[in-house]
Amino acid sequence: MIVGAFTGLLGPGGIQMISRHTAAVLTAFTAARGRPGRVLSLNDPPGIHELAVDGHAFRFEGFGRHKGRFTLAVAAAARRTSLAYIGHPNLAPLGLLLRLVRPAARYAVATYGIDVWERLPFPGRLGLRGASIVTVLSAFTGERMIAAQRLDARKVRLVPPALDPTLLRSATAADDARAALPASAPLLLAVTRLEATERYKGIDTLIRVFPAVLRAVPRTYLVIVGDGDDRPELERLAEESGVAQRVVFAGTKVGEELATYYRACDVFVMPSQKEGFGIVFLEAMAFGKPVVGGNHGGTPEAVQDGVTGFLVQYGDESALADRLSLLLRDAELRARMGEAGRRHVAAQYTFGHFSERLTGVLAEIYARAEG
């Protein structure tokens, strides 16, 4: 049996999207080898669910956040499991349970970014070390993880994320709708969770520099898509900075609604300090938009500085305002960078690219498990 164990597959979020892509590839891999398979999700509602990614359908069982039942299900499947893919480092200790029940079994663990940049609790570290392969979204995360978890570098495989196929199709649709956005005004767009624990995303810095951007390009609006417990504080900051009338807090948007915001914006910006990769940059680039990100973490692996956008040091407010103002004033530069970004996504970050890379990893582990 081939088993996939995930924290969650439904709902918005980069990890959920990557997990859905992974479950689809894992299911196809299992079917191609004529083996039974099972996909389990800790946090999704109890029962059997069905999803599809780019025509690749799969079924999975949710456990409604009941860790005990989830763990028992993994343990019961372990007796027949030869290969498992564990979709989050927090679940890495399940690999130890798997090997305890069936020593011949092999497993991989998926990691994402800051979740493995710092030393994990002992069971998590041991779970990572017991894996045959640990996947990372960026080379930067791989290096940080190897050092923090004292992990054998030979276990690490780079599997960058893919843009969601549905959003990619929306990026090529001819739709000029701007929803509730200001008509004909220059638009800056940020898409992120607004959580106090994630101040490193740099949205507060973005609001603080916005007055300088307005002085350079007076009609500009800043649209922030996302929600969280830090939103009231960020709204207060906009008031204190005198730009509240030009900052739109749009709330969480998904699917075609989110596509409308990407389509309408002129420049995408998220000056983050700690991105493991930054899927939102891929999303914006797929829509032909230039991007501005932080020159930190895995972002430089997604954004080509001076080609698909600009990278700035976290907290460098002068540089951030300068790059945003430059892009807003120069339509030709926006078009050139936007087209470069669109080509970059098409060449590297489709679901097909992700499927090919992950299938290679699965085949490598499967050969060990069956050997």
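Only a predicted model underlies this, so the values are computations on that prediction, with no experimental measurement involved.

Caption draft 1: Just the pairing of strand β2 (residues 37-41), in detail. Of the pairings in the sheet, the one linking strand β1 (residues 2-6) to β2 comprises 5 bridges and is parallel in character. Bridge pairing links F6 to S41 in β2. Since β1 and β2 lie parallel, the crossover through helix α1 (residues 14-32) that links them has a hand, and here it is right-handed. When β2 meets strand β4 (residues 56-62), the two strands line up parallel, connected through 2 bridges. When the bridges of β4 are listed, S41 appears paired with G62.

Caption draft 2: View of the nonpolar core. Core analysis: the largest hydrophobic core is formed by 65 residues, its most contacted members being L189, Y262 and F268. With residues near it in sequence (within four places) discarded, L189 still touches V223, V225, Y261, Y262, C265, V267, F268 and V269. One finds V243, F310, L324 and L327 within the second-largest nonpolar core, a separate group that totals 32 residues.

Caption draft 3: Up close: the environment of P211. Among the structural elements, P211 can be located in helix α7 (residues 203-216). Spatially, the C-alpha atoms of P211 and R80 are 61 Å apart, while their sequence positions differ by 131 residues. Ignoring any residue separated from it by four or fewer positions in sequence, one finds P211 in contact with S241 and V243.

Each value, and the rule that gives it
Residues numbered from 1 in each chain as written. Predicted model: local features only at pLDDT ≥ 70, side-chain atom pairs only at ≥ 80, totals over all residues. Heavy atoms only, no water. Pairing = 2+ DSSP bridges. Helix = DSSP H or I, 4+ residues; strand = E, 2+ residues; numbered from the N terminus. Right-handed = clockwise from strand over helix to strand, strands pointing away. Core = buried A, V, L, I, M, F, W, Y, C linked by side-chain atoms within 4.5 Å. Buried < 20%, exposed > 50% of the residue type's maximum accessible area, 1.4 Å probe, protein only. Contact = heavy atoms within 4.5 Å.

The values are spatial; any link to function lies outside them.
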